[in-house]
Amino acid sequence: MASVAITRKNHLFSSIYHRFRCRTLRSCRTTTINRRAFSTSTSTSTSPADTESSVSRTKIFETFTEEFEIGSGVFTLETGKIARFANGAVVLGMGDTKVLSTVCSAKGDGVRDFLPLTVDYQEKQFAQGVIPGTYMRREGAPKERELLVGRLIDRPIRPLFPAGFYHEVQVMASVLSSDGKQDPDIMAANATSAALMLSDIPWGGPIGMIRIGRIDGHLVVNPNTDELNLSDLNLVYACTRDKTLMLDVQAREISERDLEAAFRFAHPEAVKFIEPQLRLAEKAGKQKKEYKLSLVSERTMDKIRNLAEAPIEAIFTDPSYGKFERGEALEKIGQDVKDVLEAEGDEESLRVVSKTVDTVRKQVVRKRIITEGFRLDGRRLDEVRPLNCEAGMYSGLHGSALFSRGDTQVLCTVTLGAPADAQRLDSIVGPPTKRFMLHYSFPPYCINEVGKRTGLNRREVGHGTLAEKALLSVLPPEHNFPYAVRINSEVMASDGSTSMATVCGGSMALMDAGIPLRDHVAGLSVGLVTEVDPSTGDVSEYRILTDILGLEDHLGDMDFKIAGTRNGITAIQLDIKPAGIPLDIVCESLGPAYKGRLQILEHMEQEISAARTRDGENSLQLTTLKYSNDDLRRLIGPLGALKSKIEEETGARMSVRDGELIIIAKNKAVMEKVQEKVDLIIGRPIEIGGVYKGIVTSIKEYGAFVEFNGGQHGLLHVSELSHEPVSKISDVVSVGQKLSLMCIEQDLRGNIKLSLKATIPKKGKKVNTGEPSSSDTSNPNLDSCTPVENSTNQQEKQSVEDSSEDTNKNTNLNSSYTSTSPIVIRSAIECDEEEKSASLGTSLKNNSKPKRATKSKSSQKPDILSILGNGLDSASNGSGLSKKVSKPFLHTEKRTIYDSNSTSSDEEDRNNHITPSAHVKSSLAHLLQDSKFEGPMDAKKLKLGMKVTAKILQVRTRGLVLDLGGGINAMYRFESGGKQDFEVGDEVQAQCISFNNKGVPVMSIIQDD
């Protein structure tokens, strides 16, 4: 009961207080907002719960804002509203792009000898209103771009921490929102600088960072993503008020002079970010905290210097020391100093002995370079180490190269892929894919150490991206070379500037792979050693070193990596150790870098100067084919199943774009296999002279129909089957047989004529190397009509030899006859291909295998084919013979002629001056005597010289089509005298004088007189 009474009393007090407050607010004309209903509260009676809610106080954040304009953009710095527990937190905005950067420092004392600075940059997909597409629907490990932007922030801020400050510091920058137009990396760096200025962490800032582009020769401040696509320069410049801190450049062969102008233009623009940060720090900055600095006392420094300086000088003055020999000697000196301090019991010096010996070593090397101009390995300041270049080391790879400079050695390999193999990027700005990739690997064995291989390494990602930028500008444009390219750089040995060695090796490997680069790209690193005036802090003396060693990089002040061609610079990365370097020294370093780059390019061009041509059977095959989008849809199949099946069966890669099919195969055999499968599905444009693979679908008496090129059909005529005569088509091709055919004709209606013999090389004539055969000795002149004694036995012997030689031929040559060219008497084929008789095919089948004619010795006569085969080109006008004799075809019967007067030898014929034409007339006159045929006509009975009664079927411009009966048609050509009067249906007396190349009889009309 007591608790209930107390509760009622509290409610009564709250109600009275609420009524009094409401009256006061009404007198001030202020409206109270009910957060639950999002409306104005007008009721005077409220429940106890509503009374307690209305009493809650409103949290008011004290925010500080600075707004300023740089270039065409308006920037806003804001602090105090979010992330208030961090040492420093700033939101930098430009338009709809907002970036938050926070800074925190560890509370404990730093017991270490280095600065553990960590910079994390993150782009979450909510910044562009997208849910991640991963399985877990959340962001995973840092992407390459996030690592690169983290390095971009780290490099300019690290040198500005005070010496001896070894407390752990973490910077976290994240994109809150992005409009996709402005790259947030520059904004993240400037927001980090402002956060460090607001925090209580000691830091020598602020800094300013700016991006500069160049479009049509004009420099642009803070270009957006669309302008960067048109720009030939992407310069990121960071500086303090008077010194340069960091450079990052990607360019398209810009000259040193133009680049220097861009540096000097960027510096005052970057300084504009500094003043707003100072104003914001005055308003909301925290008092800098007193941190314990790990500094070495003067007494300890002098003591260790006296022990180690002389031995260190002895090592560095001897150029015979290699990298590892020098390192072992320095370790021994450090151990000797440590033994002395342990003997003396100096605990203070023992804690810093390693760091102090390294400082002494640094002072010795720098003093020698400044005063004497000598380097560790005895080289001059502008001298490049010995070079060795080798391209095409491994023929099984698409491209490979080994580049060595001094003790630094890098192996680069190139792998080509389809456009679909391009890397997909999930960045909130920039392109969605990247077709050129360079992956840099720094294994532990390259420096003789034991280590563990982990995931993405910031250093490896940074070095690989720098080399990638250097080579990107010389690649052929994507519309000429759409393939994906991957370079893998394996550091075999490291002694400084492995990233620039990757540029050199990658350029040679790309040319070895056959990629037509515009020019070779080479790179090297330039170092700097300075001497600072303690009173003013300005640089009093300095030396620029070309092609620095790993130890010179460690002991020097600058690592200035410059890559380019003979025409200009393509990539730059500048990292420094002191708190800034004058811009004049940076610009001066471009000259020695150019001279050293030319020396390296000369050695590279001596090894390989142009893209290598690879036409071997085992070389990579690349092809781009043009198809309609409908054809490509048929090739892909439902859900890409058909395309995937082809890739699995062949091992090739295919990519489909708008109207294009790109195929990449590991060798020529795989490429042919893929193209064959593609042709069977969608085909390719028909070209006269193009070779296609098809399948025989049907066989007719006049040829075969073939399906090829994705469902198209063409005619393979009997005359295009072989270089040899063919009488039976089924002996050469069969239904279902796969053939390689050439397209030789395509008419306006789309009918396609194919040829098999055009793809087969024509066989040459046989050359007798042994003793002459019986036929040769018995009849040396094949054109002679002179009979030879004992010719029967010799011909029978020759027929056996011919039969054994012609067993494997695809023709129906009857080898039992003499070697003279035979005449083919085929079954009737219409001279007009539109009219074909069914009985004609039957006759061809019945007459496909001729029987051998056996004759007695007394009846042996010269073969008429020896006369006609000699090229009979003229005949008497009375006989009506054709002036041009057709080619010989397969014979069905051997015919000889007997001439009782022809008993003389060839030499006697020549002595009697008998010309070939006269001889032919004499022989034909004897042959055609008493050869008239009576009765029903048959294809087997039609012989050369036979007289028949024919009926005129058609009258054409150049001749007649005759019906010989029995389903046999023949043709008659008009004489040169002109067309005579003929009518369809008339009967004429005709005589068979020859056969054309299709087996159609050629007749002559016998005049009545």
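Summarised in this report is the structure supplied together with it. Every chain begins its residue count from 1, and numbering advances along the sequence as written. Only residues with pLDDT of at least 70 are given local features in this predicted model, and only at 80 or more are side-chain atom pairs given and counted; all residues enter the totals for whole chains, interfaces and linings. Where side-chain values are given, they derive from all heavy atoms of the structure, hydrogens and water being excluded.

### Topic: the overall build of the protein chain
The way it works is that DSSP assigns letters per residue, a run of H or I at least four long becomes a helix, a run of E at least two long becomes a strand, and they are numbered from the N terminus. Counting its regular elements, the protein chain contains 25 helices and 36 strands. Across the 1009 residues in the protein chain, those meeting the buried criterion constitute 46%. Residues count as neighbours in contact if any of their non-hydrogen atoms are within 4.5 Å of one another. Of the contacts made within the protein chain by residues no fewer than 6 positions apart, 69% connect residues no fewer than 24 positions apart. Think of it in three bands: with a 1.4 Å probe and only protein chains considered, a residue is buried below 20% of the maximum accessible area for its type, exposed above 50%, and partly exposed in between.

### A short note on the nonpolar core
To form a nonpolar core, buried Ala, Val, Leu, Ile, Met, Phe, Trp, Tyr and Cys residues must be joined to one another through side-chain atoms within 4.5 Å. Of all hydrophobic cores here, the largest spans 134 residues; its most connected members are Leu235, Phe263, Leu510, Ile515, Phe560 and Ile572. Here the element with the most residues in this core is helix α4 (residues 185-198); it accounts for 10 residues. Beyond its immediate stretch of four places on either side in the chain, Leu235 contacts Ile210, Arg211, Ile212, Leu247, Asp248, Val249, Ala262, Phe263 and Ala266. Formed by 27 residues, the second largest nonpolar core is a distinct cluster that contains Ile304, Ile333, Val365 and Ile370.

### Focus: the packing of aromatic side chains
Describing an aromatic ring pair means giving the distance of the ring centres and the angle of the ring planes. Ring pairs shown here join Phe, Tyr and Trp side chains whose ring centres sit within 6.5 Å, with only the six-membered ring taken for Trp; geometry is labelled stacked below 30 degrees between planes, edge-to-face above 60, and tilted in between. Taken as a whole and assessed by the stated rule, the structure comprises 11 aromatic pairs. Measuring from ring centre to ring centre gives 5.7 Å for Phe68 and Phe273, while their planes differ by 85°; the resulting arrangement is edge-to-face. Note that Phe68 is positioned in strand β3 (residues 64-70) and Phe273 in the loop between α6 (256-271) and α7 (274-284), a separation of 205 residues in sequence. Its relative accessible area of 9% is what places Phe68 among the buried residues. For Phe273, a relative accessible area of 2% corresponds to the buried category. Pairing Phe481 with Tyr483 gives two aromatic rings, centres 5.0 Å apart and planes at 75°, and the pair type is edge-to-face. As far as the burial class goes, Phe481 and Tyr483 line up, both buried. These aromatic residues form a ring-pair network of at least three members: Phe68, Phe75 and Phe273.

### Describing the side chain of Glu720
Mapped onto the elements, Glu720 comes out in the loop between β29 (712-717) and β30 (738-746). Charge counting follows a simple rule: Lys and Arg are positive, Asp and Glu are negative, and His as well as the terminal groups are ignored. Salt bridges are defined as contacts in which a side-chain nitrogen from Lys or Arg sits within 4 Å of a carboxyl oxygen from Asp or Glu. At 4.3 Å, Lys757 is the nearest oppositely charged side chain to Glu720, a buried residue that forms no salt bridge. Of the polar contacts made by the side chain of Glu720, one reaches the side chain of Ser755; its length is 2.7 Å. Setting aside chain neighbours within four positions, we find Glu720 in contact with Ile744, Lys753, Leu754, Ser755, Leu756 and Lys757. Whenever two N or O atoms come within 3.5 Å, that pair is a polar contact, provided that in protein one can donate a hydrogen and the other can accept it, and provided that, for residues adjacent in sequence, both atoms are side-chain atoms.

### A few points about the pairing of strand β23 (residues 569-576)
Most of β23 is tucked away, with 7 of its 8 residues classed as buried. Inspection of the sheet shows strand β12 (residues 244-254) paired to β23 by 5 bridges, in the antiparallel sense. Each residue of the ladder has a partner; that of Ile254, found in β23, is Ile569. Taken together, strand β22 (residues 558-564) and the strand that follows it, β23, pair antiparallel across an intervening segment of 4 residues. Two strands qualify as a pair provided that DSSP identifies no fewer than 2 bridges between them.

### Comments concerning the pairing of strand β7 (residues 117-122)
What you see with β7 is a clean split: Leu117, Val119 and Tyr121 sit on the buried side and Thr118, Asp120 and Gln122 on the side with no burial. Looking at chain direction, β7 and strand β8 (residues 169-177) are connected through 6 bridges and run parallel. Paired with Val119 across the strands is Val171, a residue of β8. Consider the strands pointing away from the viewer: the crossover is right-handed when the path from the first strand over the helix to the second runs clockwise. Once you follow β7 into helix α3 (residues 144-157) and on to β8, the crossover reads as left-handed.

### Let's talk about the sheet that holds strand β4 (residues 73-79)
Taken together, 6 strands build an open sheet; the order of strands is β3-β4-β5-β6-β8-β7 and the sheet is mixed. The two strands at the open ends of the sheet, each matched to only one other strand, are β3 and β7. Neighbouring strand axes in the sheet, compared pairwise and without regard to direction, differ in orientation by 15° on average. Across 8 bridges, the pairing between strand β6 (residues 97-105) and β8 is antiparallel. Bridge pairing links Thr102 to Met172 in β8. This element, α7, spans β3, β4 and β5 (88-94) of the sheet and lies at about 175° to β3. Simply put, an axis is a line fit to the C-alpha atoms, just over the touching stretch for a helix, and the angle between two N-to-C directions goes from 0 to 180 degrees.

### Structural notes on the packing of α3 against helix α12 (residues 458-472)
One can describe the packing of α3 onto α12 by two numbers: an axis separation of 9 Å at closest approach and a directional angle of 90°. Between α3 and α12, the interaxial angle falls into the category roughly perpendicular. Judged by residue contacts, Glu144, Leu147, Leu148, Gly150 and Arg151 of α3 engage Arg458, Arg459, Val461, Gly462 and Thr465 from α12. Across the contact of α3 with α12, the residue classes break down as 3 nonpolar, 3 polar and 4 charged. By definition in this entry, angles of less than 35 degrees are roughly parallel, angles greater than 145 are roughly antiparallel, angles of 65 to 115 are roughly perpendicular, and the rest are oblique. Side-chain classes follow a simple rule in which Ala, Val, Leu, Ile, Met, Phe, Trp, Tyr, Cys and Pro form the nonpolar group, Asp, Glu, Lys and Arg form the charged group, and the remainder, Gly included, forms the polar group.

### Section: the pattern of salt bridges
Taken as a whole and judged by the stated rule, the model has 51 salt bridges. A salt bridge links Asp248 to Lys469, with the shortest nitrogen-to-oxygen separation between them at 2.7 Å. Within this pair, whereas Asp248 is found in strand β12, its partner Lys469 is found in helix α12, the two being separated by 221 residues in sequence. Take Asp248: its relative accessible area is 10%, and that puts it in the buried class. Two residues, Glu253 and Arg518, come together in a salt bridge whose shortest N-O distance is 3.1 Å. Taken together, the positions of Glu253 in strand β12 and Arg518 in the loop between α13 (498-512) and β20 (522-532) put the pair 265 residues apart, joining distant regions of the chain.

### Here's the deal with the environment of Gln712
Relative to the helices and strands, Gln712 is located in strand β29. The spatial distance from the C-alpha of Gln712 to the C-alpha of Ile682 is 9.5 Å, given a sequence separation of 30 residues. Leave out the neighbours within four places in its chain, and Gln712 touches Arg684, Ile686, Val706 and Glu707.

### Side note on the sheet that holds strand β15 (residues 408-417)
Consider a sheet: its strands pair through backbone hydrogen bonds, and that pairing is either parallel or antiparallel. One open sheet holds the 5 strands; their spatial order is β13-β14-β15-β19-β18, and the pairing between them is mixed. Looking along the sheet, the strands with just one partner apiece sit at the ends: β13 (387-391) and β18 (436-441). Neighbour to neighbour, the strand axes of the sheet diverge by 15° on average, direction disregarded. Where β13 lies against strand β14 (residues 399-405), 5 bridges are found, and the strand directions are antiparallel. When the sheet's bridge partners are listed, Cys389 is paired in β14 with Phe403. Contacting β18 and β19 (484-493), α12 runs over the sheet at an angle of about 140° to β18. Packed on one face of the sheet, α13 meets β13, β14, β15, β18 and β19 and runs near 145° to β14.

### Re α6
Any helix carries an expected span of 1.5 Å times its number of residues minus one. With 16 residues, α6 should reach 22 Å at 1.5 Å per residue; the first-to-last C-alpha distance of 23 Å fits that figure. Turning to α6, its buried residues number three or more, namely Glu256, Leu259, Ala262, Phe263, Ala266, His267, Glu269, Ala270 and Val271.

### A look at the state of the cysteines
Criterion for a disulfide: a pair of cysteine sulfur atoms at a distance within 2.5 Å. Under the definition given, this model contains 0 disulfides. In this structure Cys389 is a free cysteine whose sulfur lies 7.3 Å from that of Cys504, the closest cysteine sulfur available.

### Section: the packing of helix α9 (residues 323-344) against helix α11 (residues 353-372)
At a minimum axis separation of 10 Å, α9 and α11 run at an interaxial angle of 130°. In terms of their interaxial angle, α9 and α11 are classed as oblique. The two elements α9 and α11 cross, and the hand of that crossing is right-handed. The residues of α11 that touch α9, namely those facing Leu330, Gly334, Val337, Lys338 and Leu341, are Val353, Val357 and Arg361. Grouping the amino acids of the contact of α9 with α11 by side-chain chemistry returns 5 nonpolar, 1 polar and 2 charged. For any pair of crossing helices, the crossing counts as left-handed if the nearer helix is rotated counterclockwise from the farther one by less than a right angle, and right-handed if it is rotated clockwise.

### A short note on the environment of His439
In this structure, His439 sits in strand β18. Between the alpha carbons of His439 and Gly462 there is a distance of 9.9 Å; along the sequence they are 23 residues apart. With residues near it in sequence (within four places) discarded, His439 still touches Arg486, Ile487, Asn488 and Ser489. In terms of polar contacts, His439 uses its side chain to reach the side chain of Arg486, at 2.9 Å.

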